[in-house]
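Structural description and commentary
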Amino acid sequence: MDVEIYPLDKVVIDGVQICLGAEQTVVETAIGKGQPEGKRCYYYNCNMAIDYSADKKVEFIEFLGGIDGYLHPQIYGVSVFDTYAEELVKILTQKNNGKVDDSEQGYSFAFLNISVGVYRETRPSDVEEMIEEMKADGISTDNNEDVENEMRKANHWATIGIGVAGYYQQ
């Protein structure tokens, strides 16, 4: 599927627009009913979620599949989940042109001016620490699929979300 993210505005999935601020009924007409969980509904086999406000309008859209998901959204001309995490942070920082909330020590970043957030469960330094612990315990890390998979995930974002203006400042 072709997925494009336009911060502060919309996402476009195979030509179908889902706009921030749109009525839930409009979204459901365009892409079907989601799986509801509180104010959040999941779509595309839980690879995308939309949070609705109390008045049933889109306030946040999040892509959840990461590098192994089947939705690979693009933002500013790059594939979010296929681009190395640090490279995407550089691009988003430049486009944000202002304060970035990096208080989560590399696990997540919120780009306040463009209302974009990214998240991952682990960082490369966490995996490197795990490797050192494994070596200290006498466990070989050479050609270890678990280690390679963890490092692959650590080098890429697991989620990206966009919100209405001011979403990350709430």
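Anything mentioned here points back to the structure above.
Residues numbered from 1 in each chain as written. Predicted model: local features only at pLDDT ≥ 70, side-chain atom pairs only at ≥ 80, totals over all residues. Heavy atoms only, no water.

Observations concerning the packing of aromatic side chains
Working definition: an aromatic ring pair is given by the centre-to-centre distance plus the angle between the planes. Threshold: To pair, rings of Phe, Tyr and Trp, with the six-membered ring standing in for Trp, must have centres within 6.5 Å; the planes then decide the type, stacked if under 30 degrees apart, edge-to-face if over 60, and tilted in the middle. Comment: elements are numbered from the N terminus, with helices defined as DSSP H or I runs of at least four residues and strands as E runs of at least two. Exposure is judged per residue with a 1.4 Å probe applied to protein chains only, and the accessible area is read against the type maximum: over 50% gives exposed, under 20% gives buried, and values in between give partly exposed. By definition, being over a ring means that NZ of Lys or CZ of Arg is both within 6 Å of the ring centre and within 35 degrees of the ring normal.
Under the definition given, this model contains five aromatic pairs. Judged by centre distance (4.5 Å) and plane angle (10 degrees), the rings of F60 and Y167 are stacked. Pair noted here: F60 is in strand β7 (residues 58–63) and Y167 is in the segment after β13 (159–163), with a separation of 107 residues, a long-range link. Across the pair, exposure class does not vary: F60 and Y167 are buried alike. Among the residues examined, F60 registers a relative accessible area of 6% and is labelled buried. Pairwise contacts between aromatic rings join F60, Y167 and Y168 into one cluster. Across the ring face of Y6, the terminal group of K10 is positioned such that the distance to the ring centre comes to 5.4 Å.

Some details on the sheet that holds strand β3 (residues 16–19)
Using the following cut-off: Two strands make a pair as long as DSSP finds a minimum of two bridges between them.
Strands sit in the order β3-β2-β1-β8-β9 across an open sheet of five strands; the sheet is mixed. Taken across any chain shown, the strands that pair with only one partner, and hence form the sheet edges, are β3 and β9 (78–79). The sheet contact formed by strand β1 (residues 3–6) and strand β2 (residues 10–13) spans four bridges and is antiparallel. Looking at β2, one finds that V3 is bridged to I13.

Some thoughts on the nonpolar core
Condition: Residues grouped as a nonpolar core are buried Ala, Val, Leu, Ile, Met, Phe, Trp, Tyr and Cys residues, joined through side-chain atoms within 4.5 Å.
Formed by 36 residues in total, the largest nonpolar core has its most connected members in M48, I50, I61, F63, F111 and I160. For this core, the element with the most residues is helix α2 (residues 85–96), which contributes five residues. V127, I131, M134 and A154 belong to the second-largest nonpolar core, a separate cluster that totals five residues.

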